[in-house]
Amino acid sequence: MFPHLSLFLGGASSGKSALAERFVRKQAAPHVYLATAQALDDEMRFKILKHRADRGGGWQTIEAPLDVAGALRKLPSGGAVLLDCATVWLSNHLLAEGNLSAETDDLVAALAACRAPVAIVSNEVGQGVVPDSALGRRFRDAQGRLNQRLAAEAGLVVFVTAGLPSVLKGAMPEGLA
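Trainee: What am I meant to see in the sheet that holds strand β5 (residues 118-123) here?
Mentor: Sheets are built from strands that pair by backbone hydrogen bonding, the pairs being arranged parallel or antiparallel. Spatial ordering of the open sheet is given by β3-β2-β4-β5-β1-β6-β7, a layout of seven strands whose pairing is mixed. The sheet is open, and its two borders are formed by β3 (59-63) and β7 (164-169), each paired with just one other strand. Strand-to-strand twist in this sheet, taken as the mean axis angle between neighbours without regard to direction, amounts to 20 degrees.

See below:
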């Protein structure tokens, strides 16, 4: 059985998105991809295109760089949702000078109320060097708090390193590891 909320953590290019995609594909369709990235430069446009190609067909994509909570509330019951990723969503709000605490509360409430199971991809950014800028340190701390909130609500938490999953909470469904 799949939990209502699952969190896939890891560093950049760790394999967390690919694992979360496989997880969602094992659930009943439709499969909804909530995208938080914005194609603001050529590098990000390429990354988005690569993610779409790697993911393949069969996904309904909803672009929600800021209003993930609103998008979750509009989803019908059934199917499964992949939110990729909470880190970019947080960064979008940080750069928009939003109220991170209120936005996080709204996101957590929308996740709990969502009528479909949700898999969230998020980066672990607290294991590296201390950022040298105030904005970098603020982001690192906000990301740590967000991940803690999401992990507390999730029935499954998986940390991915070099493509290898380590279950931190709950049990990995058969055939996913």
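Next comes the rest of the account.
Trainee: I tried to follow the pattern of salt bridges on my own but got confused; where do I start?
Mentor: Proximity of charged atoms lets side chains of opposite charge pair with each other. Throughout the structure, instances matching the rule amount to seven salt bridges. Taking the shortest distance from any N to any O, the salt bridge between Glu21 and Arg25 comes out at 3.9 Å. Of this pair, Glu21 and Arg25 are both found in helix α1 (residues 16-25), four residues apart, which corresponds to roughly one turn of the helix. Given a relative accessible area of 6%, Glu21 falls into the buried group. Taking relative accessible area as the criterion, Arg25 reaches 35% and is therefore assigned partly exposed. For the salt bridge of Asp106 with Arg73, the shortest nitrogen-to-oxygen distance reads 2.5 Å. Taken as a pair, Asp106 in helix α5 (residues 100-113) and Arg73 in helix α3 (residues 68-74) lie far apart in primary sequence, 33 residues in all. Residue Arg73 is classed as partly exposed on the basis of its relative accessible area, which comes to 45%.

Trainee: Looking at this structure, I do not really get the packing of helix α4 (residues 86-95) against helix α6 (residues 134-153). What am I missing?
Mentor: For any two helices packed against each other, the geometry is given by the interaxial angle and the distance between the axes. Where α4 contacts α6, the two axes come as close as 10 Å, and the packing angle between them is 135 degrees. Taken together, the axis directions place α4 and α6 in an arrangement best described as oblique. The interaxial crossing formed by α4 with α6 has right-handed handedness. Contacts between α4 and α6 involve Ala86, Thr87, Trp89, Leu90, Ser91, Leu94 and Leu95 on the former and, on the latter, Leu135, Arg138, Phe139, Ala142, Gln143, Leu146 and Leu150. Its residues assigned to classes, the contact of α4 with α6 comprises ten nonpolar, three polar and one charged.

Trainee: It is not clear to me how unusual backbone geometry should be interpreted in this structure. Could you clarify?
Mentor: For residues besides glycine, phi is generally negative; the peptide bonds are generally trans as well. Looking along the chain, the bond that leaves Ala29 and enters Pro30 is cis, with omega of 5 degrees. As for its placement among the helices and strands, Pro30 is situated in the loop between α1 and β2 (31-35). With an omega of 5 degrees, the peptide bond between Asp84 and Cys85 qualifies as cis. Along the polypeptide, Cys85 turns up in the loop between β4 (80-84) and α4. We note that Glu97 has phi near 60 degrees; this positive angle belongs to a residue other than glycine.

How each quantity is defined
- Residues numbered from 1 in each chain as written.
- Predicted model: local features only at pLDDT ≥ 70, side-chain atom pairs only at ≥ 80, totals over all residues.
- Heavy atoms only, no water.
- Pairing = 2+ DSSP bridges.
- Helix = DSSP H or I, 4+ residues; strand = E, 2+ residues; numbered from the N terminus.
- Axes fitted to C-alpha atoms, helices over the stretch in contact; angles between N-to-C directions.
- Salt bridge = Lys/Arg side-chain N within 4 Å of Asp/Glu carboxyl O.
- Buried < 20%, exposed > 50% of the residue type's maximum accessible area, 1.4 Å probe, protein only.
- Parallel < 35°, antiparallel > 145°, perpendicular 65-115°, else oblique.
- Left-handed = near helix turned anticlockwise from the far one by under 90°.
- Contact = heavy atoms within 4.5 Å.
- Nonpolar A, V, L, I, M, F, W, Y, C, P; charged D, E, K, R; others polar.

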